[in-house]
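One-letter residues, chain by chain:
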Amino acid sequence: MKGKIFMTLFALPFFGTGVWMLYSVSNAFYDAYRMNSWVQVEAQVLDGGYNTHRGDDSYTYESYARYRYTLGNETYVADRVSISGGSDNVGDYHQDIGSNLSRAHASGERILVYVNPGDPSQAVIDRGIRWGLIGFKSIFLFVFGGVGLGLLIFTWRAAKEKDKSDPRYADSPWLLDDDWQTETIKSSSKASMYGVWIFAALWNLISAPLPFVMYEEVIVRKNYIALVGLMFTVVGIGLLVWAIRRTLEWKRFGPSPVTLDPFPGSIGGHVGGTIELALPHDAGNEFQLTLTNIKSYVSGSGKNRSRKEKAKWQDMLVAHAESTGSGTRLTFRFDVPEGLRESDAERSDTHYIWRLSLNADLQGTDIDRSYDIPVYATATQSRHLSKIAVERGREKQTARADKAVLQAINVVHDAGGRRMRYPMGRNILSSLAGFLVGSVFAAVGWWLVIEEGERVFGRIFGGMGALVAIGTLYTMLNSLEVSRDANGIRTVRRVLGIPIKRSTMGSHEFSHFDKNSRYQTQGGGRHVMHYSIYAVDRHGDRIVVGEGFKGDSQAEAAIRLISNVLGLSPKRERTMTPGSIENWDPARSMSA
């Protein structure tokens, strides 16, 4: 209960701000409506202008006036300038109207005002709606009010907090999570759809005034650096497209829950199960499943606190798909090694998540699902899954991983022996996108320093962009060659064909191959771990012999191919199957 009271007290100021802005916006529309019937008369300006108010980090402006007018046989004095009172800095409204009133007062020029015929003491100079101010207030209405209302609804609709001292939670800690009461786990697709729509709406509400502000800045004031603001509008359009795609995905596939076997998933055992899809079976469709162990933690302090995620382990496989008459059933099973961290049903500041992702390129809307599932160190295995279905899925994944590795590595077999080349231009699309973004940031930083005199901020902004551009440029332009001769393993790293680093390892020193994720990418809650392969000697020293492999299965396939090409045992036993990388012959492949 204390948690609910705290969250309520936290949410009320946000909700109150939204309610106040709702009143302010509604009152502006009501005044504009009733003033539409007011009559227009001439008035003499007794005083007029605008005041400047200095805040902590900005200035606001407030126009003022006193004017005298006659209606019928009575003379009145009023001071209302516009529908919305008070000071602000939205556009140049107050400066413009205040300057006009000051000139009219100085010259004695008469102005037109609108008077309430039912109560002639009420008058206003400008009865038009200030749409820029309405848009600004709407941001607070929807953002603050929406956040506050959402927090209040979430807080009071949340399930009753469980008694952690209950003995059954000691043996089954996953039951502390309401979503993990049975082996059937719902995906996050529906919540993701709503979340994307809310985020897209908030982003576009906040950035909606930018085009109008930019027009004046660029066209009138010739401040071309303001064009950077277009990035926010472009991102807003992208978010709307993303929200529409998430909606179409949910509409086509519905809940599509996963049924785990075993339940919960097991570290040191199996994570397996089935997924029922409302989709006619098509043997040409391949459904990729990715299981990731993720560390979720809070970074920074104070106002800079943010939650981040980092993948610690990952594997991929192709699910076996079969017809159920009314749809498609997917069967899968991962073999999870020991030593990984368990799920955390209590979601502490630092906790671990096991995320199962499903995606497939289909005719029409693609499927893209994520399931946060319970995985604990129970060392149990699946009992009800078809062994044939599991093996067929694993064979497809092995074939896919082998194919990806063969495409990534250019194997040459000539008089000089066997060599593996990782050519320039690997991951060129993502690298090019990063290079363009970094270059834009670097250019903006340069402009801020040279044209605007913002030396500190411009250098930081541009420096970060330059680092991104240089890093992605290196990714595009570097290559790696790995070979083995009588003396051992040799590697050469080149940039634009120019050698920049050479490494060697004697064959008698070689111990084993190892894999490690050097970096990872993330988007939409999905992580991709990119692995490099190392040759490790007896002293623990290592050199890179392969890189750019996605997921554990591709990394394992790469080790099999590299050990075959270099003629070095990976120090592990593995069953060889016809057509697999273990039986791949580079010479035969070259002659073919």
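Residues numbered from 1 in each chain as written. Predicted model: local features only at pLDDT ≥ 70, side-chain atom pairs only at ≥ 80, totals over all residues. Heavy atoms only, no water.

Digging into the sheet that holds strand E15 (residues 367-373)
Within the open sheet, the 4 strands sit side by side as E11-E10-E14-E15. Their pairing is antiparallel. Both outer strands of the open sheet, strand E11 (306-318) and E15, are each paired with one neighbouring strand and no more. Neighbouring strand axes in the sheet, compared pairwise and without regard to direction, differ in orientation by 25° on average. Where strand E10 (residues 288-299) lies against E11, 12 bridges are found, and the strand directions are antiparallel. When the bridges of E11 are listed, Leu289 appears paired with Leu317. The strands touched by helix H8 (residues 387-408) within the sheet are E10 and E11, with E11 carrying the most contacts at an inclination of about 105°. (Pairing = 2+ DSSP bridges. Helix = DSSP H or I, 4+ residues; strand = E, 2+ residues; numbered from the N terminus. Axes fitted to C-alpha atoms, helices over the stretch in contact; angles between N-to-C directions. Contact = heavy atoms within 4.5 Å.)

Side note on the pattern of salt bridges
Tallied over the entire structure, the rule returns 22 salt bridges. For the salt bridge of Asp31 with Arg80, the shortest nitrogen-to-oxygen distance reads 3.1 Å. Of this pair, Asp31 sits in helix H1 (residues 2-35) while Arg80 is found in the loop between strand E3 (74-78) and helix H2 (93-107), placing the two residues 49 residues apart along the sequence. Note on Asp31: relative accessible area 6%, which makes it buried. Arg80 gets classed as partly exposed once you look at its relative accessible area, which sits at 26%. The closest approach of N and O atoms between Glu249 and Arg369, which form a salt bridge, is 2.8 Å. Pair noted here: Glu249 is in helix H7 (residues 230-253) and Arg369 is in strand E15, with a separation of 120 residues, a long-range link. As far as burial versus exposure is concerned, Glu249 and Arg369 are alike and both buried. (Salt bridge = Lys/Arg side-chain N within 4 Å of Asp/Glu carboxyl O. Buried < 20%, exposed > 50% of the residue type's maximum accessible area, 1.4 Å probe, protein only.)

Notes on empty space enclosed by the protein
By the definition in use, this model includes 3 cavities of 30 Å³ or more. In this model, the largest cavity occupies a volume close to 60 Å³. Taken together, the residues of the lining of the largest cavity sort by class into 5 nonpolar, 3 polar and 1 charged. (1 Å grid on protein atoms, 1.4 Å probe; cavity = no way out; pocket = protein on both sides within 12 Å on 5 of 7 lines; lining within 4 Å. Points joined across faces, edges and corners; volume = space filled by probe spheres on them. Nonpolar A, V, L, I, M, F, W, Y, C, P; charged D, E, K, R; others polar.)

What about the nonpolar core?
Core analysis: the biggest nonpolar cluster contains 36 residues, and Phe287 and Ile373 have the highest contact counts within it. Elements represented by at least two residues in this core include exactly strand E7 (258-260), strand E9 (270-277), E10, E11, strand E13 (328-335), strand E14 (351-360), E15 and strand E16 (375-376). Top element by residues in this core is E14. It accounts for 4 residues. Ignoring any residue separated from it by four or fewer positions in sequence, one finds Phe287 in contact with Leu277, Leu279, Leu317, Val318, Ala319, Ala321, Leu330, Leu358, Asn359, Ala360, Leu362 and Ile367. Within the second largest apolar cluster, 32 residues are counted, among which are Tyr534, Ala535, Ala555 and Leu561. (Core = buried A, V, L, I, M, F, W, Y, C linked by side-chain atoms within 4.5 Å.)

Focus: unusual backbone geometry
The amide bond that connects Asp261 to the next residue, Pro262, takes the cis arrangement and shows omega of 10°. As for its position among the elements, Pro262 is in the loop between E7 and strand E8 (265-266). In this structure, the amide linkage connecting Phe263 to the following residue, Pro264, adopts the cis form with an omega of -5°. Its location among the elements puts Pro264 in the loop between E7 and E8. Of note in the backbone geometry, Ser256 takes a positive phi value of approximately 45° without being a glycine. Residue placement: Ser256 occurs in the loop between H7 and E7.

Comments concerning the environment of Val495
Mapped onto the elements of the fold, Val495 is located in strand E20 (residues 488-495). Among the residues examined, Val495 registers a relative accessible area of 22% and is labelled partly exposed. In this structure the C-alpha to C-alpha distance between Val495 and Val437, which are 58 residues apart in sequence, comes to 22 Å. Apart from residues no more than four positions distant in its own chain, Val495 is found in contact with Tyr474, Leu477, Asn478 and Ile500.

What about the pairing of E9?
Counting buried positions along E9 yields 7 of 8 residues, so the element is predominantly enclosed. Pairing analysis gives 3 bridges linking E7 to E9, with the strands arranged antiparallel. Among the inter-strand pairings, Thr259 is bridged to a residue of E9, identified as Thr274. By the bridge criterion, 8 bridges tie E9 to E13 in an arrangement that is antiparallel. Residue pairing across strands places Thr274 opposite Thr331, the latter belonging to E13.

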